[in-house]
Amino acid sequence: MRKATVRCPALLKTVILTSTMSQFLLTLSRFTAQKQTVDHEAGGGLARLLGQIGLVGKRIAQDLRRAGLIDILGTTGEVNVQGETVKKLDEIANETFLKVFHQSEHVCALASEEMEKPVLLPENWPQAQYMLLFDPLDGSSNTDCNMPLGTIFSVVKSKHKDQMPTMDDLVCNGSEQVAAGYLLYGASTMLVYTIGQGVHGFTLDPGIGEYLLSHEQIRIPDRGKIYAVNEGNYHQWPEGTKKYFDYLKMKDSATGRPYRGRYSGCLVADVHRILIGGGIYLYPGELDKPEGKLRLLYEANPLAWIVEQAGGKASTGAMRILDVEAKQLHQRVPLIIGSANDVRDAVAFNQGRRES
Ligand code: AFP
């Protein structure tokens, strides 16, 4: 930032403050429009699609803020395709996506954790050339206790310009994403995204209803001091994962151990903490569930791209997440994600190349 040369210290201070403050009034729409080079052929459709995701986030944040006050807590009594009890807020968050994107001129197909099959939107085609996959409300077990929650999204381009996509077309590899990100509903609401040009974070100013740039070009530290994992599953883990955990908890000041445990029950919140301060999140495969719990297409892939774009790594323990071949819409995958050196260590233990 160039500082104007002025003789009057008070004026200099004002000039610096004004120019510094101006960067924080950069809205999501202005920033994405400036940064759009990836979808030049779609005339900025990706920028407007991200703005529509921001609208979904505002609506969900509003519902969560009032969750304790109106009767939308508890469950609907139904069970979703994952075999998990559907919370009312899961359903409401999913419906918010459907309402916003039914009229979108950018999206021709939707796939959600909460819907067994994708929804095709022929009325938006052929102008709409993007397909949107999402977990509308991540961390649902946190809804009734006012803990952080998130939304995760992944955007891929329709494979054929001259025909509507089929449901199978949504089953894409992580390397095919053209945009990915998440919304974090915490003390503030944040939208964090990448289109392959770095990772940028925006904080919602509820007073003006705008997402303002607050974290430009996020870079994850090469190593952290935090692990996020459900240690209750320790005895279900593969031996290599157990050894890695025993290593992390051993005292060794030279390598900053023991690490501190921080686990919120919301993947988005834990990964966001790690993206900003470094560390590692794991949801490993287990003896009776080697594929783990998390879903590839709308949880692991988008977060893996975000973390890699910020300088980190994301692995199944055997291979890079973004190289995993997508075979089914709700396919699960083990996830080890975070600082590059921490993930590298975890994978080495996982593959038996390290014992301590
Ligand atoms: P829910 O949305 O069912 O609460 O699952 C949240 C989640 O997918 C992810 O956000 C958490 O990190 C992880 O599962 C928590 O799973 P455990 O409760 O098995 O630790």
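Residues numbered from 1 in each chain as written. Predicted model: local features only at pLDDT ≥ 70, side-chain atom pairs only at ≥ 80, totals over all residues. Heavy atoms only, no water.

Visitor: Lay out the pattern of salt bridges with the relevant residues and their values.
Guide: Per the stated rule, a full pass over the model turns up 13 salt bridges. Of the charged contacts in the structure, one is a salt bridge between E355 and K243, with a shortest N-O distance of 3.2 Å. Separated by 112 residues along the polypeptide, E355 in the segment after α8 (340-350) and K243 in helix α5 (residues 239-248) bring together distant segments of the chain. Among the residues examined, E355 registers a relative accessible area of 53% and is labelled exposed. Residue classification places K243 among the partly exposed residues on the basis of a relative accessible area of 33%. Each of the salt bridges in this network shares a partner with another, and the network as a whole consists of R223, D342, D345 and R354. (Salt bridge = Lys/Arg side-chain N within 4 Å of Asp/Glu carboxyl O. Helix = DSSP H or I, 4+ residues; strand = E, 2+ residues; numbered from the N terminus. Buried < 20%, exposed > 50% of the residue type's maximum accessible area, 1.4 Å probe, protein only.)

Visitor: Go over the site of the ligand, please, and point to the residues and values.
Guide: For the ligand, the set of nearby residues contains 14 residues, the closest of which are D138, Y263, L267, Y281 and Y283. Among the residues forming the shell around the ligand, the class breakdown is 6 nonpolar, 5 polar and 3 charged. In this structure, the shell around the ligand is formed jointly by two domains, domain 1 (26-215) and domain 2 (226-350), each of which donates at least three residues. (Near = heavy atom within 4 Å. Nonpolar A, V, L, I, M, F, W, Y, C, P; charged D, E, K, R; others polar. Domains from an automatic or database assignment.)

Visitor: If you had to explain the nonpolar core to someone new, which residues and values would you point to?
Guide: The biggest cluster of nonpolar side chains holds 50 residues, and the ones touching the most others in it are L275 and Y281. No other element matches helix α7 (residues 296-309), which puts 9 residues into this core. When residues of this core are assigned to domains, at least three fall in each of domain 1 (26-215) and domain 2 (226-350). Residues contacting Y281, with those up to four places away along its chain left out, are A228, Y263, L267, D270, V271, I274, L294, L335, I336 and I337. (Core = buried A, V, L, I, M, F, W, Y, C linked by side-chain atoms within 4.5 Å. Contact = heavy atoms within 4.5 Å.)

Visitor: Give me the lowdown on unusual backbone geometry, citing residues and values where you can.
Guide: Leaving glycine aside, a negative phi is the common case for residues, and trans is the common case for peptide bonds. Cis geometry marks the peptide bond from W125 to P126; its omega dihedral reads 10°. Here R257 and P258 are connected by a cis peptide whose omega angle stands at 5°. By the element assignment, P258 lies in the loop between α5 and β12 (260-261). In the Ramachandran plot, N146 falls in the positive-phi region, its phi being about 55° despite a non-glycine side chain. If you trace the backbone, N146 turns up in the loop between β5 (130-138) and β6 (149-157). N146 gets classed as exposed once you look at its relative accessible area, which sits at 73%. The phi dihedral of Q217 is positive, around 55°, even though this residue is not glycine. Mapped onto the secondary structure, Q217 falls in the loop between β10 (210-215) and β11 (226-228).

Visitor: Can you explain α8? Please cite residues and give values.
Guide: Within α8, 8 of the 11 residues are buried, which leaves it mostly tucked inside the rest of the structure. For α8, the full list of buried residues reads A340, D342, V343, D345, A346, V347, A348 and F349. Contacts made by the buried residues of α8 are with α5, β13 (280-283), β14 (313-315) and β15 (335-338). Positive backbone phi, approximately 75°, marks G352, located one or two places after α8.

Visitor: Please set out the domain arrangement of the chain residue by residue, giving values where relevant.
Guide: Partitioning the chain into domains gives domain 1 (26-215) and domain 2 (226-350). On a C-alpha basis, the centroid separation for the pair domain 1 and domain 2 is 23 Å. Taken together, the 48 residues of domain 1 in the interface contact 30 residues of domain 2. Buried surface at the junction of domain 1 and domain 2, both sides included, amounts to about 2,800 Å², of which 65% is carbon and sulfur. Of all residues in domain 1, I152, V171 and Y182 bury the most surface against domain 2, accounting for 20% of the area lost on that side. The interface formed by domain 1 and domain 2 holds 1 salt bridge in total. If you look at where domain 1 meets domain 2, you find 11 residue pairs in polar contact (both at pLDDT 80 or more). Of all elements in the fold, only β3 (107-112), β5, β6, β7 (177-185) and β8 (189-194) reach the threshold of two or more residues within the side of domain 1 that touches domain 2. (Buried area = accessible area lost by both parts, 1.4 Å probe. Polar contact = N/O pair within 3.5 Å; in protein donor to acceptor, adjacent residues only side chain to side chain.)

Visitor: Describe the sheet that holds β7, and please don't skip the residues or the numbers.
Guide: Strands sit in the order β4-β3-β5-β6-β7-β8-β9-β10 across an open sheet of 8 strands; the sheet is mixed. Strand pairing shows two members of the sheet lacking a second neighbour, β4 (119-120) and β10, which therefore form its edges. Judged from the 6 bridges that link them, β7 and β8 form a sheet pairing that is antiparallel. Across the sheet, L183 pairs through a bridge with L191, a residue of β8. Of the strands in this sheet, β5, β6, β7, β8, β9 (199-205) and β10 touch helix α6 (residues 267-277), which is tilted by about 100° from β7. (Pairing = 2+ DSSP bridges. Axes fitted to C-alpha atoms, helices over the stretch in contact; angles between N-to-C directions.)

Visitor: Which residues make up the side chain of T143, and what are the values?
Guide: Locating T143 in the fold gives a position in the loop between β5 and β6. Using a relative accessible area of 8% as the deciding quantity, one classes T143 as buried. In terms of polar contacts, T143 uses its side chain to reach the backbone carbonyl oxygen of S140, at 2.9 Å.

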